[in-house]
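Coordinate analysis (summary)
The chain contents come next:
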Amino acid sequence: MTTRQQVALLRVLAFYLTALVLLLVAGSALQYTLGLAGVVVSQLLIFVALPLVFTLAVEKRPVRPFLRLRMLSLRGVGRAVVLGLIGWLAAQLMGAVLVLLVQQMGGQMVQTYQILLDAGSTLALLVGALVPAFCEELSFRGYVLGALRPLGPGAAVVLTGLLFGALHLSLVRLIPLTLLGMLWALAVQRSGSILPGMIMHLINNGTALLLTFF
């Protein structure tokens, strides 16, 4: 591994650990005290402000090209929607198998969207689907994928997916989320725009929440 690759990896790990600590400490406190509003504030603080700071202060790069803030053609949007639906379906099938395995071993799944279910409103649906799709993509398919460029396209996609899956702190959901993270990273890398990741993330969260609510 070259010095440039080592530096890139260290920067991403510093970003990741900072985000993880903020999520566990500040994020939990904000959600506990502010409820649904705390979810939004923590997402903006951790997954929007942090990648912007690292891009400007650590990478010393302009935000728009580094985070791939580019528009998509209508064809690109349509492709992202189709891939998003396929990815969601595959993740759900895999998740269902994992849930059955957990139940067979006497375990019980924790409700991922409990705070949103308690809110029980259209606003909760928007917060659970739209906010993470925008914020988390800026961090992972934006900063992390961009900062890992020196490692090569394949390694960048794989590591981005692994870090994304691990951040959710769920052993059962690790594999589906990692594979989704890789799919979204690959789509962003090939299109040169972060929008496919946001679209696919929105479809995944939105569909899961809609089914949970209704």
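Residues numbered from 1 in each chain as written. Predicted model: local features only at pLDDT ≥ 70, side-chain atom pairs only at ≥ 80, totals over all residues. Heavy atoms only, no water.

A closer look at the side chain of S42
For the record, the criterion: Only DSSP runs of H or I reaching four residues or more are called helices, and only runs of E reaching two or more are called strands; each is numbered from the N terminus. Nitrogen and oxygen atoms within 3.5 Å of one another constitute a polar contact, given that in protein one can donate a hydrogen and the other can accept it, and given that sequence-neighbouring residues count only through two side-chain atoms.
Looking at where S42 falls in the secondary structure, it is placed in helix α2 (residues 36-58). A polar contact of 2.9 Å, which involves the side chain of S42, links it to the backbone oxygen of V39.

Focus on the packing of aromatic side chains
Here the distance between the centres and the angle between the planes together describe a pair of aromatic rings. As a reminder, the rule being used: Geometry of aromatic contacts follows a simple scheme: Phe, Tyr and Trp rings, the Trp one being its six-membered ring, pair when their centres are within 6.5 Å, and the pair is stacked under 30 degrees between planes, edge-to-face over 60, tilted otherwise. Categorising residues by exposure relies on relative accessible area from a 1.4 Å probe, with only protein chains included: less than 20% of the type maximum marks a residue as buried, more than 50% marks it as exposed, and the intermediate range marks it as partly exposed.
One pass over the full model with this rule turns up six aromatic pairs. Ring geometry for F15 versus Y143: centroids 4.7 Å apart, planes at 40 degrees, classification tilted. Here Y143 lies in helix α6 (residues 122-147) and F15 lies in helix α1 (residues 3-34), a separation of 128 residues in the sequence. Comparing F15 with Y143 shows no difference in burial state: the two are buried. Plain terms: the ring middles of F54 and Y143 are 5.7 Å apart, the flat faces sit at 70 degrees to each other, and that makes the pair edge-to-face. Note that F54 is positioned in helix α2 and Y143 in helix α6, a separation of 89 residues in sequence. Just as F54 is buried, Y143 falls in that class too. An aromatic cluster is present here, built from F15, F54, F66 and Y143 joined pairwise through their rings.

Brief notes about the nonpolar core
This is how the line gets drawn: Within this scheme, the nonpolar core is defined by two criteria: the residues are buried Ala, Val, Leu, Ile, Met, Phe, Trp, Tyr or Cys, and they are joined through side-chain atoms within 4.5 Å. Working rule for contacts: check all heavy atoms of both residues, and any pair within 4.5 Å makes them a contact.
Within the largest apolar cluster, 43 residues are counted, with the highest numbers of intra-cluster contacts made by F140, Y143 and V144. Of all the secondary-structure elements, those providing two or more residues to this core are α1, α2, α4 (74-104), α6, α7 (153-167), α8 (174-191) and α9 (195-213). Tallying contributions element by element places α6 first for this core, with eight residues. Residues contacting F140, with those up to four places away along its chain left out, are Y16, F47, L145, T160, L163, F164 and L167.

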